[in-house]
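# Overview (structure and organization)
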Amino acid sequence: MSATVLVVDDEETARMVVSDFLRGKGYEVQSAGTLADARAQINLGTPDIIILDVRLPDGHGPNLLVETQRLTIRPQVIIITAHGDISMAVDAMRAGAHDFIEKPLDLLHLEESVRRAAEVVAMRRELNHLRSTQSGSGEFIIGNTKAMRDVVNLAERAASLSVSVLITGPTGTGKEVLANFIHRSGPRASKPFIDINCPAIQSTMFESELFGHEAGAFTGAVKRHNGLMEIADGGILFLDEISSMPMDMQAKFLRAIEERSFRRVGGSALIKVDVQIIAASNRNLKEMIAAGQFREDLYYRLKVVDLSLPSLAERAEDIPDLVGYLVRKFNRSMGLNITDVSPAALEVLKKYSWPGNIRELSNTIERAIMFCDDPMIDVMHLPSDIISQAETNA
Ligand SMILES: Nc1ncnc2c1ncn2[C@@H]1O[C@H](COP(=O)(O)OP(=O)(O)OP(=O)(O)O)[C@@H](O)[C@H]1O
Ligand SMILES: [Mg+2]
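Residues numbered from 1 in each chain as written. Chains lettered and ligands numbered in written order. Predicted model: local features only at pLDDT ≥ 70, side-chain atom pairs only at ≥ 80, totals over all residues.

Looking only at helices and strands, the protein chain features 16 helices and 18 strands. A globule of 394 residues ought to have a C-alpha radius of gyration of about 21 Å, yet the protein chain, at 27 Å, is considerably larger. Counting only C-alpha atoms and orienting by the principal axes, one finds that the protein chain spans roughly 90 × 40 × 40 Å. Classification of the 394 residues of the protein chain by burial places 36% in the buried group. Restricting to contacts in the protein chain with at least 6 residues of sequence separation, those with at least 24 account for 73%. (Helix = DSSP H or I, 4+ residues; strand = E, 2+ residues; numbered from the N terminus. Rg over C-alpha atoms; globule rule 2.2 N^0.38 Å. Buried ≥ 20, exposed ≤ 12 C-beta atoms within 10 Å, placed from the backbone. Contact = placed C-beta atoms within 7 Å.)

Structural data, given as structure tokens:
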């Protein structure tokens, strides 16, 4: 997790040890030996996190805490002191400090505290939309995990090359949002994106839905009807939950994508189309192939690019980003202004296992916002089963 840290300590050795340690952990670190120096650096650009000593040559460290909490972008301040002064710790926490650590510094303890602060920073950044992500309808939050960055790199390449894509992953991991993202990121963005929810189509109607039909092709076919493949011409055809496509249709569909053409039901003219195919499934297609329920040739034809979305538990470090985004999204749709999520609530959300993945996280945030009368979502606004499971996992 990347964040900028300002270390304010008058003891040069301590300052260097902490700075080098945090740099080694991937943070961007600056340091200051006096309050004046710290202020000058903050004026040049507010750091995400400030590690602040109490006794400084030109004044009382916590003064800086008070000043920075008035900034629009409030840094997370971790106070450090040599004196186990409880009353000062309480004051500092009241004034908005993120944490309080006693000297001599335990670097692992410091790292843990900085990591939590960085999570709050990531969540707020998304919440305030300070970092520009993909905008437009249905944003796609990428996050920091390698698995997701790999998926997105491949997805962008698939978009630019217009090749077939198979998206797999457990329920709620964002297969549909990813398909939309591919559409937006490629040359077909201004062309149609036709979304077919395969389980919703009756097996007898599949062919006519996809390829269309001529008038009189079957009882009830009064007029000619253009199929979705024809409507998608130039754009993308997204077949959601393709595992539900009937076997005989799979064969016909495979031929249509290989030949880039098909005939309407009851028609003889060959209709040529240029369509990029994206298919998605949360079922294990390989198992279905072994069980004779899915065509192997179609499977290989679809997965020219194979995008496998990780479960949310596998990308738990992206939870702060996702939470920030979701709060912002629901603020907008419900006309509310939740300005924050408490670090404790964020910690609970990070520890829960999320069997329903991002969809479940989204529902949880929506519900928390509905139950929240304050500007901040806290642990009490979260469902009790999530809290108790997070405690067990702690
Ligand atoms: N990367 C993401 N960024 C933002 N929101 C996301 C992301 N991934 C998922 N979501 C949200 O999670 C919810 C579920 O996503 P989606 O419908 O794409 O999942 P799915 O993988 O298609 O699930 P299923 O297999 O059940 O159809 C959506 O409401 C979406 O807004
Ligand atoms: Mg879906």
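Around ligand 1 sit 16 residues in total, of which Ile141, Thr171, Gly174, Lys175 and Glu176 are the nearest. Elements with a minimum of two residues in the shell around ligand 1: helix H7 (175-185) and helix H15 (357-370). Of the domains in this structure, domain 2 (146-308) and domain 3 (314-393) are the two that each give at least three residues to the shell around ligand 1. (Near = placed C-beta within 6 Å. Domains from an automatic or database assignment.)

Pairing is parallel in the open sheet, where five strands are placed in the order E2-E1-E3-E6-E7. On the outer flanks of this sheet lie strand E2 (28-32) and strand E7 (99-102), each paired with one strand and no other. Neighbour-to-neighbour, the strand axes of this sheet turn through a mean angle of 20 degrees, independent of strand direction. In this structure, strand E1 (residues 4-8) lies alongside E2, joined through five bridges in parallel fashion. Residue Val5 lies in a different strand from E2, and its bridge partner there is Val29. (Pairing = 2+ DSSP bridges. Axes fitted to C-alpha atoms, helices over the stretch in contact; angles between N-to-C directions.)

Moving on: the sheet that holds strand E9 (residues 193-197). A sheet is described by the order of its strands in space; here five strands give the open sequence E9-E12-E15-E8-E16, paired in parallel fashion. Both outer strands of the open sheet, E9 and strand E16 (305-308), are each paired with one neighbouring strand and no more. Strand after strand, the sheet turns through a mean of 15 degrees between neighbouring axes, direction not considered. When strand E8 (residues 165-168) meets E16, the two strands line up parallel, connected through four bridges.

The next subject is the domain arrangement of the protein chain. In terms of domains, the protein chain is made up of domain 1 (4-127), domain 2 (146-308) and domain 3 (314-393). One C-alpha centre belongs to domain 1, the other to domain 2; they are set 52 Å apart.

Let's shift gears to H15. The end-to-end C-alpha distance of H15 is 20 Å, a good match for the 20 Å that 14 residues give at a rise of 1.5 Å each. Buried within H15 are the following residues: Asn357, Ile358, Leu361, Thr364, Ile365 and Ala368. Projected down its long axis, H15 carries its buried residues within an arc of 120 degrees, all on one side. In the core, the buried residues of H15 are packed alongside helix H13 (319-334), strand E18 (376-377) and helix H16 (384-393). (Expected span 1.5 Å × (residues − 1). Arc of directions from axis to C-beta.)

The omega torsion of the bond from Lys103 to Pro104 falls at 0 degrees, within 30 degrees of zero and hence cis. With respect to the helices and strands, the residue Pro104 is situated in the loop between E7 and helix H5 (107-127). Even without being a glycine, Ser162 presents a positive backbone phi close to 55 degrees. The residue Ser162 is located in the loop between helix H6 (146-161) and E8 in this model. Looking at Ser162, the number of C-beta atoms within 10 Å reads 16, which means it is partly exposed. Phi angles above zero are rare outside glycine, and Asn357 is one such case at about 55 degrees.

Right, let's talk about the packing of H5 against H13 for a bit. Think of two packed helices as two axes; the pair is described by the angle between the axes and how far apart they sit. Between H5 and H13, the shortest axis-to-axis distance is 7 Å and the interhelical angle comes to 30 degrees. Comparing the axis directions of H5 and H13 gives the class roughly parallel. Considering the relative orientation of H5 and H13, their crossing is right-handed. Touching Glu119, Ala122, Met123, Arg124, Arg125, Glu126 and Leu127 of H5 are Pro320, Asp321, Val323, Gly324, Tyr325, Val327 and Arg328, all from H13. Taken together, the residues that form the contact of H5 with H13 break down as seven nonpolar, one polar and six charged. (Parallel < 35°, antiparallel > 145°, perpendicular 65-115°, else oblique. Left-handed = near helix turned anticlockwise from the far one by under 90°. Nonpolar A, V, L, I, M, F, W, Y, C, P; charged D, E, K, R; others polar.)

Sheet topology places E8 next to strand E15 (residues 276-281); four bridges connect them, and they run parallel. In the sheet register, Leu166 faces E15, and the bridge partner there is Ala279.

All right, on to the environment of Leu322 then. Examined against the element boundaries, Leu322 turns out to sit in helix H13. Between the C-alpha atom of Leu322 and that of Ser362, which follows or precedes it by 40 residues, the distance is 8.6 Å. Ignoring anything within four residues of it in the chain, the contact list for Leu322 reads Ile141, Ile358 and Leu361.

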